[in-house]
Amino acid sequence: MLREVLEHIQRRDRFVLTSHARPDGDAIGSALACCEVLRQLGKSADVVLHDPVPRIYQPLPFADRVVRADCVNGHYEAAIILECDSIQRTRLEGLENQFLISIDHHLSGRPFAHVNWIDPKAAATAELVYRLAREAGVAVSPEIATCLYTALMTDTGSFMFRGTNEQTFALARELVLAGADPAHCAQNIYFAHSTAKMRLLGAALSNLHREGPLAWIWVTREQMERSQAKEEDCEGIVNYALSIQDVEIAAFFREMPDGRYRVSLRSKGKLNVAEIAELFGGGGHECASGCSMDGPLSIAVALMLEKIRPASSAD
Ligand code: 5GP
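Nothing here was measured: the structure is a model prediction, and the numbers come from that model.

### So, the overall build of the protein
Then, number 1: When helices and strands are tallied, the protein shows 11 helices and 12 strands.
Then, number 2: For 315 residues, the compact-globule estimate of 2.2 N^0.38 gives 20 Å, and the protein sits close to it at 19 Å.
Then, number 3: Counting only C-alpha atoms, the protein reaches 55 × 40 × 40 Å along its principal axes.
Then, number 4: Here the protein holds 315 residues, and 57% of them are scored as buried.
Then, number 5: Within the protein, contacts between residues at least 6 apart in sequence are counted, and of these 60% link residues at least 24 apart.

What follows is the structure, given as structure tokens:
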């Protein structure tokens, strides 16, 4: 597949790159790095995202290249969609008319594009972008390495999620050799929270519930507003519920402006939470997945627990 993707790239000149809405570290890091790889190949390439670059990713090299938009305009010859399992999740209009190349590593990845390179064995989409750079003969600069290392670090939960293996560390080594600085990358992500996020965390933890191996927390719209938190401040909050001893699965429910709930699911590895999220139209990885559910909160929680309980007791 790698060769096929590269052949399609070589045949064209003007690319638009994108990823899913509410982009995470792998979405941003992979898109920025891939854009630079294409530019090194002499192509024209733009990164267009539906949502702004979250604050913690703004120090990444090339982050100022990201164009925020609702729609893809311009005379592109192909769109490369990274780390995303459908056109809909990009929340960009206009992609339907493009020649689409999908590069993804999700277990729940679907072949929606004209060319689909989906490798669930890869620790992050960043790994695939790295392979693409190597295959294309592009030198991995310290800037590209920094984007890819940050993507790898965040998508593996700082090299702690299941699936992290010797190949992950081999890639991390390559990226450090190419100029990524692990302490600097970690500093920007893990020691750069907003005060609002910490307030939101306090609100979420005050709603902590526990039932055997399950823990769940939530925040209402009102709590979000009182904390002056933005959507991006919700990232990672679910991990605090998962960090409790003997908790195997954690869920974080966040009320959205339309009254629906975004749900983040995390597992320590015994239960595949991608399968649970898929039951509600979402997806993700074995240990980290997400979906959206209708409110009210009590019903959303009840429906979610109904699916998680049997799965967790079967273990
Ligand atoms: P988060 O909880 O951080 O929003 O998402 C965790 C993982 O699940 C990410 O890899 C993300 O791409 C995936 N994910 C979250 N929400 C959805 C969704 O609605 N659909 C799909 N297919 N994947 C999702």
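### Here we look at unusual backbone geometry
Note: most peptide bonds trans; most residues except glycine with negative phi.
Then, number 1: That bond from Gly 295 to Pro 296 is cis: its omega, -5 degrees, falls within 30 degrees of zero.
Then, number 2: Mapped onto the fold, Pro 296 is located in the loop between β12 (288-293) and α11 (297-313).
Then, number 3: A positive phi angle, close to 70 degrees, is found at Asp 246, a residue other than glycine.
Then, number 4: Checked against the element boundaries, Asp 246 lands in the loop between α9 (238-242) and β9 (249-255).

### Let's talk about the side chain of His 8
Then, number 1: Relative to the assigned elements, His 8 resides in helix α1 (residues 2-10).
Then, number 2: Take His 8: its relative accessible area is 10%, and that puts it in the buried class.
Then, number 3: In contact with His 8, not counting residues within four places along its chain, are Phe 15, Phe 99, Ile 101 and Val 115.

### Looking at the nonpolar core
Side chains that are nonpolar tend, in soluble globular proteins, to be buried together.
Then, number 1: With 60 residues, the main nonpolar core has Leu 17, Ile 80 and Leu 175 as its most contacted residues.
Then, number 2: The contacts of Ile 80, once residues within four sequence positions are left out, are Ile 9, Phe 15, Val 16, Leu 17, Thr 18, Leu 38, Ile 101 and Ile 103.
Then, number 3: With 21 residues, the next largest nonpolar core counts Leu 214, Val 301, Met 304 and Ile 308 among its residues.

### Some words on helix α3 (residues 125-136)
Then, number 1: Here α3 spans 17 Å end to end across 12 residues, near enough to the 16 Å set by a 1.5 Å rise per residue.
Then, number 2: When α3 is considered as a whole, its buried residues turn out to be Thr 125, Ala 126, Glu 127, Leu 128, Val 129, Tyr 130, Leu 132, Ala 133 and Ala 136.

### Overview of the site of the ligand
Then, number 1: Near the ligand lie 15 residues; those nearest to it are Asp 85, His 106, Arg 262, Ser 264 and Arg 266.
Then, number 2: Side-chain polar atom of Ser 264 to an oxygen atom of the ligand: 2.6 Å apart, as the coordinates give it.
Then, number 3: With respect to the ligand, the side chain of Arg 266 contributes an N or O atom lying 3.0 Å from an oxygen atom.
Then, number 4: Starting from 490 Å² of accessible surface for the ligand in isolation, the protein chains cover 88%.

### As for the packing of aromatic side chains
Then, number 1: Counting across every chain of the model gives 2 aromatic pairs.
Then, number 2: One aromatic cluster is present, built from ring pairs that chain together Tyr 149, Phe 159 and Phe 169.
Then, number 3: Across the ring face of Phe 99, the terminal group of Arg 12 is positioned such that the distance to the ring centre comes to 4.0 Å.

The rules we used
- Residues numbered from 1 in each chain as written.
- Predicted model: local features only at pLDDT ≥ 70, side-chain atom pairs only at ≥ 80, totals over all residues.
- Heavy atoms only, no water.
- Helix = DSSP H or I, 4+ residues; strand = E, 2+ residues; numbered from the N terminus.
- Rg over C-alpha atoms; globule rule 2.2 N^0.38 Å.
- Buried < 20%, exposed > 50% of the residue type's maximum accessible area, 1.4 Å probe, protein only.
- Contact = heavy atoms within 4.5 Å.
- Core = buried A, V, L, I, M, F, W, Y, C linked by side-chain atoms within 4.5 Å.
- Expected span 1.5 Å × (residues − 1).
- Near = heavy atom within 4 Å.
- Polar contact = N/O pair within 3.5 Å; in protein donor to acceptor, adjacent residues only side chain to side chain.
- Areas by Shrake-Rupley, 256 points an atom, 1.4 Å probe, with all protein chains shown as cover.
- Phe/Tyr/Trp six-rings, centres within 6.5 Å; stacked < 30°, edge-to-face > 60°.
- Lys NZ or Arg CZ within 6 Å of the ring centre and 35° of its normal.

The quantities given are spatial measurements derived from coordinates; they are silent on function.
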